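# Reading the structure
In case you want the letters, here they are:
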Amino acid sequence: MKKHQLPPLNALRAFEATARHLSVKNAADELCVTPGAVSQLIKALELHLGVALFRRVNRGVILTDAGRAYLPPVRNAFRQISDATRRIAVPEDTGILTVSATPFFASAWLVPHLKGFQDAHPDIDLQVVSSSALANFSRDGVDVAIRHGLGRYAGLSSQRVLTVEIVPVAAPALVKQLGMPAAPADLTRWPRVNDAERKAWALWFEAQGIEAAGAARGPSFDDSGLLLKAVLTGQGAALLPAAVVADDLAQGRLVQLSDVSWLEDFAYYLVHPEDSHDHPKVAAFRGWLLEVAQGAPATGAAAGAGKRRASGPRKRASPTFEGLASSPSS
């Protein structure tokens, strides 16, 4: 390699993505190229450097000693480029604010409330990115994220937006057909729609002291938006966050089947890098979001007045958020 000659940028991108995923295929999916193209780029980089960066094992790859030593400075260089680009591409006090949220929260709660933000801040154009995948502020150009978790994210600032209070709901047509349940135990005989792990109903029944709930039958969905759609079309009862189905309940599209709520350990948090806390557009969105959330169900100690809350095991969430230091939590 000639002195001071930099490797091709595309080859470095292929190396970093493959090292992060430890998979040529997943790196190719991220970079929108074929696995063969990624392999060729890595080979070109290895020829350029004169060392092997990966070793194939089974159906994946692992880094060689040289690859492990090369990865941190390459990753740091990309992070610095991303940070510098984000700082100069859009002025901090105006322009586009990119908000990342899970698909269910975005469609069921965030989007229906956004007109209020646009009316109050017409100079800020929101770009809402809905994803359940890991997000990285430096790499993905995200300004703020709303995630479901415990609110502890290394190197990031987080503020509670909504407490997750879970309630059983169903479509009015199904309630008309089966009758309003007189007690939580009646729901053991109802058709039910399940989360992907098929654990929510079992935990809810257990919290009510109901042991003979039976096996988790009926369809399951790995996306809460699809689960909500199934409930709205009368396929069964489901357990959903009170805050995000509040409009459906108020408009009569859903019926709450019991006044017993179930409070999760987890909540929805607004998350962003600590150094962007005082940026005008971030501060504007944060102030608006927290103000609107104060009027939503289950956002404070008094939110459950008049309702009964179940005790017992609480549902756990899977990681869907990655911070600046690649520390996952959700």
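The model shown is predicted, which means the values in this text are computed figures rather than measured ones.

## Focus: the overall build of the protein chain
Helix and strand content of the protein chain: 11 helices and 14 strands. Looking at the 330 residues of the protein chain, the share that counts as buried comes to 44%. Counting contacts in the protein chain only where the partners sit at least 6 residues apart, residues at least 24 apart contribute 75% of the total. Surface summary for the protein chain: the accessible area is close to 16,600 Å², and the carbon and sulfur share equals 54%.

## Quick notes on the packing of aromatic side chains
Scanning all chains against the criterion turns up 10 aromatic pairs. Consider the rings of tryptophan 201 and tryptophan 204, whose centres lie 5.6 Å apart with planes at 85 degrees: the pair is edge-to-face. Highlighted residues: tryptophan 201 and tryptophan 204, both in helix 8 (residues 200–207), separated by three residues, approximately one helical turn. Judged by its relative accessible area of 0%, tryptophan 204 falls in the buried class. Of the aromatic side chains, those joined through ring pairs into one cluster are Phe15, Phe54 and Tyr70. Just above the ring of tryptophan 201 sits the side chain of arginine 192; from NZ or CZ to the centre is 5.7 Å.

## Details of the pairing of strand 3 (residues 95–101)
Within strand 3, six of the seven residues are buried, which leaves the element mostly enclosed by the surrounding structure. Pairing geometry for strand 3 and strand 4 (residues 124–130), over seven bridges, is parallel. Its bridge partner being in strand 4, alanine 101 is matched across the sheet by serine 130.

## A word on the side chain of aspartate 143
The topology assignment puts aspartate 143 in the loop between helix 6 (137–140) and strand 5 (144–149). Buried aspartate 143, no salt bridge; nearest opposite-charge side chain is lysine 281, N-O distance 4.1 Å. Those residues in contact with aspartate 143, other than ones at most four positions away along the chain, are Ile96, Leu97, Thr98, Phe137, His272, Pro273 and Lys281.

## What to know about the environment of glutamate 274
Position of glutamate 274 among the secondary structure elements: in the loop between strand 11 (260–273) and helix 11 (280–293). Separated by 118 residues in the primary sequence, glutamate 274 and leucine 156 have C-alpha atoms spaced 5.2 Å apart. Not counting residues up to four positions away in its chain, the partners in contact with glutamate 274 are Gly155, Leu156 and Ser157.

## Overview of helix 5 (residues 103–120)
Compared with the 26 Å implied by 1.5 Å per residue over 18 residues, the 24 Å span of helix 5 between its first and last C-alpha is a close match. A bend of about 50 degrees at leucine 110 is the largest found in helix 5, and the proline proline 112 appears one to four places after it. Residues Phe104, Phe105, Ala106, Ala108, Trp109, Leu110, Leu114 and Phe117 constitute the buried set of helix 5.

## Focus: the pattern of salt bridges
Between side chains of opposite charge, a pair can form when the charged atoms approach closely. Taken as a whole, this structure holds eight salt bridges when the rule is applied. The partner of lysine 25 in a salt bridge is aspartate 29, and the shortest N-O contact between them spans 3.3 Å. One end of the pair, lysine 25, and the other, aspartate 29, are both in helix 2 (residues 24–31), four residues apart, so they sit about a helical turn from each other. With respect to burial, lysine 25 and aspartate 29 carry one shared label: exposed. Aspartate 186 is paired through a salt bridge with arginine 189; the nearest N and O atoms lie 2.8 Å apart.

Analysis parameters
- Residues numbered from 1 in each chain as written.
- Predicted model: local features only at pLDDT ≥ 70, side-chain atom pairs only at ≥ 80, totals over all residues.
- Heavy atoms only, no water.
- Helix = DSSP H or I, 4+ residues; strand = E, 2+ residues; numbered from the N terminus.
- Buried < 20%, exposed > 50% of the residue type's maximum accessible area, 1.4 Å probe, protein only.
- Contact = heavy atoms within 4.5 Å.
- Areas by Shrake-Rupley, 256 points an atom, 1.4 Å probe, with all protein chains shown as cover.
- Phe/Tyr/Trp six-rings, centres within 6.5 Å; stacked < 30°, edge-to-face > 60°.
- Lys NZ or Arg CZ within 6 Å of the ring centre and 35° of its normal.
- Pairing = 2+ DSSP bridges.
- Lys, Arg positive; Asp, Glu negative; His and termini not counted.
- Salt bridge = Lys/Arg side-chain N within 4 Å of Asp/Glu carboxyl O.
- Expected span 1.5 Å × (residues − 1).
- Bend = angle between axes of the 7 residues up to and from the residue.

Geometry only, nothing functional implied.
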